[in-house]
Amino acid sequence: MVKSGMVNLVQAELRKLLWLPTAWVGLLLGLVAAPALVLVSAGGTRRAIEEGIAGDPSDTAFQPLGIGLLGALILGVVAVSSEYTSTGEDAPRARQLTTTLTAMPRRYRLVAAKAVALSLLVAVQGAITAVATLVLTEVVLGPLVPPADPGRAAAAVLYWVLLGLLSYALTLIFRNGIVTLTVLIVNSSVVSVSYLLTKVTPLAAYLPDIVGAHMFLNEVGDVDIAPLTAGLVMTAWVTALLGLGAWLFERREA
Amino acid sequence: MIRTAYAEGLKLVTLPSLRLTLALTWAVVLLLRLADPAGGVVPYARIGTLVLGVLAAGHEYQAGGQIRTSLLAVPRRPLLAVAKIAALAVVAAPFVLVTALLAGEPGATGGLLLDLLLAAAVGTVVRHPVGATGVVLTAYEIGVPLIRTHLPDVAWPTSPVWTAAAILISVATFCRREA
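Given the structure is predicted, the values throughout are model-derived calculations rather than measurements.

Scoring rules and cut-offs
- Residues numbered from 1 in each chain as written.
- Chains lettered and ligands numbered in written order.
- Predicted model: local features only at pLDDT ≥ 70, side-chain atom pairs only at ≥ 80, totals over all residues.
- Helix = DSSP H or I, 4+ residues; strand = E, 2+ residues; numbered from the N terminus.
- Rg over C-alpha atoms; globule rule 2.2 N^0.38 Å.
- Buried ≥ 20, exposed ≤ 12 C-beta atoms within 10 Å, placed from the backbone.
- Contact = placed C-beta atoms within 7 Å.
- Axes fitted to C-alpha atoms, helices over the stretch in contact; angles between N-to-C directions.
- Left-handed = near helix turned anticlockwise from the far one by under 90°.
- Nonpolar A, V, L, I, M, F, W, Y, C, P; charged D, E, K, R; others polar.
- UniProt positions renumbered as here; feature names shortened; annotations may be inferred.
- Core = buried A, V, L, I, M, F, W, Y, C linked by C-beta atoms within 7 Å.
- Parallel < 35°, antiparallel > 145°, perpendicular 65-115°, else oblique.

**Points about the overall build of chain A**
In terms of helices and strands, chain A carries 11 helices and two strands. Reading the secondary structure of chain A in the N-to-C direction produces α-α-α-α-β-β-α-α-α-α-α-α-α. Rg of the C-alpha trace for chain A: 19 Å, near the compact-globule value of 18 Å for 254 residues, within the 12% margin. Taken along its principal axes, the extent of the C-alpha atoms in chain A is 60 × 40 × 40 Å. When each of the 254 residues of chain A is scored for burial, the buried share is 44%. Long-range pairs, those at least 24 residues apart, make up 75% of the contacts in chain A with a sequence separation of at least 6.

**Things to note about the packing of helix 5 (residues 77-102) of chain B against helix 8 (residues 159-176) of chain B**
Residue and element names in this part refer to chain B. At a minimum axis distance of 9 Å, the contact between helix 5 and helix 8 shows a crossing angle of 145 degrees. For the pair helix 5 and helix 8, the crossing hand works out as right-handed. On helix 8, the residues that touch Arg 77, Pro 78, Ala 81 and Ile 85 of helix 5 are Ile 167, Val 171, Phe 174 and Cys 175. Taken together, the residues of the contact of helix 5 with helix 8 sort by class into seven nonpolar, no polar and one charged.

**Some words on the UniProt feature "transmembrane region" (unreviewed entry) in chain B**
Residue and element names in this part refer to chain B. In the UniProt entry, the feature "transmembrane region" (unreviewed entry) is given for residues 12-35, 41-58 and 79-103. Strand forms 0% of residues 41-58 and helix 94%; the C-alpha atoms that close the span are 26 Å apart. Between the end C-alpha atoms of residues 79-103 there is a gap of 35 Å, over a span that is 96% helix and 0% strand.

**Observations concerning the UniProt feature "transmembrane region" (unreviewed entry) in chain A**
Residues and elements named next belong to chain A. Summarizing the sequence annotation, UniProt attributes the feature "transmembrane region" (unreviewed entry) to residues 21-41, 61-80, 115-141, 153-171, 178-197 and 225-249 in the numbering used throughout. Helix makes up 100% of residues 21-41 and strand 0%. Its end C-alpha atoms lie 29 Å apart. Segment residues 153-171 splits into 100% helix and 0% strand. End C-alpha atoms: 27 Å apart.

**Digging into the interface of chain B and chain A**
Buried accessible area, meaning the area lost when the parts come together, often serves as the stated size of an interface. On the chain A side, the residues contacting the 21 residues of chain B number 24 residues. Only helix 2 (16-35), helix 3 (42-58) and helix 7 (129-150) of chain B provide two or more residues apiece to the side of chain B that touches chain A. Take the side of chain B that touches chain A: its biggest share by element is 11 residues, from helix 7 of chain B.

**Details of the nonpolar core**
The tendency in soluble globular proteins is for nonpolar side chains to be buried side by side. Residues and elements named next belong to chain A. By size, the foremost hydrophobic cluster in this structure holds 118 residues, and its most contacted members are Leu 75, Ala 156 and Leu 165. With 15 residues, the top contributor of residues to this core is helix 7 (residues 150-174). Setting aside anything within four residues of it in sequence, one finds Leu 165 in contact with Gly 76, Ala 115, Leu 118, Ser 119, Val 238 and Leu 242.

**Looking at the packing of helix 8 (residues 177-187) of chain A against helix 7 of chain B**
At a closest axis distance of 9 Å, the pairing of helix 8 of chain A and helix 7 of chain B adopts a crossing angle of 10 degrees. The angle between helix 8 of chain A and helix 7 of chain B falls in the class roughly parallel. Between helix 8 of chain A and helix 7 of chain B, the contacting residues are Gly177(A), Ile178(A), Leu181(A), Thr182(A), Ile185(A) and Val186(A) on the first element and Pro129(B), Val130(B), Thr133(B), Gly134(B), Leu137(B), Thr138(B) and Glu141(B) on the second. The residue inventory of the contact of helix 8 of chain A with helix 7 of chain B, partitioned by class, reads seven nonpolar, five polar and one charged.

**Re the environment of Leu137(B)**
Inspection of the secondary structure assignment puts Leu137(B) in helix 7. Separated by 62 residues in the primary sequence, Leu137(B) and Pro75(B) have C-alpha atoms spaced 32 Å apart. Apart from residues lying up to four places away in sequence, Leu137(B) is in contact with Leu181(A), Thr182(A), Ile185(A), Val186(A), Ile47(B) and Leu50(B).

Encoded structure:
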C-alpha cells in the first residue's frame, strides 16, 4: 500500500511537470542547446585542436554538455515555482500548492516524490542529450577527438540530475524562481561568481555548482579534483540543501 | 503625461522587491571588488541591473493583475507605455549611477541604463518575471558571449540600437495585446 502510494505520487508529479509549458521550454532547451553548440563551434574547435591550444582533447566532446544544463535548471525551478503561481488573476491567493497539499498532506513525502519525478525527467533528458552530443562530435570532428568514455558520459548525466536537484532545493528554500535562476545562470556563464572565488581561495572549487564538473571534465579551472571526490562532494551539498529545503517546506506556512 | 509618469515613478520607488534587488546588487558589487576580477566588476553589476529592469516591468503582471487597475486609470495605452518607460529611466538613472560608482567605473552608467531598459522591454513582452529573468540572463550571459566567440567578424548593432528596437517592440505589443 505504502509503496503503490509513493508510485502514484511520483506519477502525479511527473504528469504535473509535463503539463507545464515552461517545463517544455526547459526540456527542449536542454535537448537542443548542446548538440547545436557542437555544430556551431565545430570550425573553431577543429582549428584549436590542430593548433594544439585546445587543452585536453578528450574534454572536447563533453564541454558542450555544460550549456544544456540550463534545461535541468529550469525544470528544477518550475517544479516548485509553478506551485506558488496564482491560478487565476482574479484570485491571487489561490495557488496550486493548496490543492497539492490537500491531496498529499504529508509534506516530506511530497518533496521526495517531486525530487524523484524531477530526477527521472532530467536523467532521461540528460542521457538523450549526452548520446546525441557525443555522436555528433564524433561525426563532425572524427579522428581529432578520442572516442568518448561511457563512464564519463554517465557522470555527465549524473551531474545534470544533481544540478536539477540543486536548483529544486534552492527554489524550495527561497520560494522564488528569480533568485535561483539568477544565481545558477550567472554561475554557469563566463562571469561565474564561483569561478571568480576560486581565484581568491582554492576552497571555492568545492562549491556545489562547480565541483560537479570535475566528474566528467579533466580540466576545470586551476584546481584538480578526482571525479569520485567531486561526485561525493556535490552529492553531499545537494543532500544537505535538499534536507534544509524539505525541512523549511515542512515547517513554513504554505 | 507628467502625472501618469509621476504615478508610475511612485509605484517603482515603493516596490520592496526593487529595493531588495538594488541592495543585493550593491552588496555583491562591493564584495566582488575585493576579489578584483579581470574584466572589472561591471559585468556583475549588469546582472543586478537586468533583474531590476525585469522586475520593474513585470511586477504589474504578478498575482493580482495590477496592470488592469493601471489601465482602468489610464486607458490610453501608448500614453501609459511611454510614461512607464520615462518613469523607469528617470527613477533608475541615479541608482544606476551609484552602482557604476560603486563598481569604480562611472562611465558605465549609460550602458547599464540601456541594459536595464532593454530588460524592462523584455519583461513587458514576456509578462512573467521568472520567465523573463531566464530569457534575459541566458541571452546576456551565455548567448551573446557564445555568438561573439564564434562569429567575431560580424558587425553587430550597438547597444542603443538594440534597446530602441526592444522598446519599440514592447510598446507595440503592449498597445495591441489584451491585458
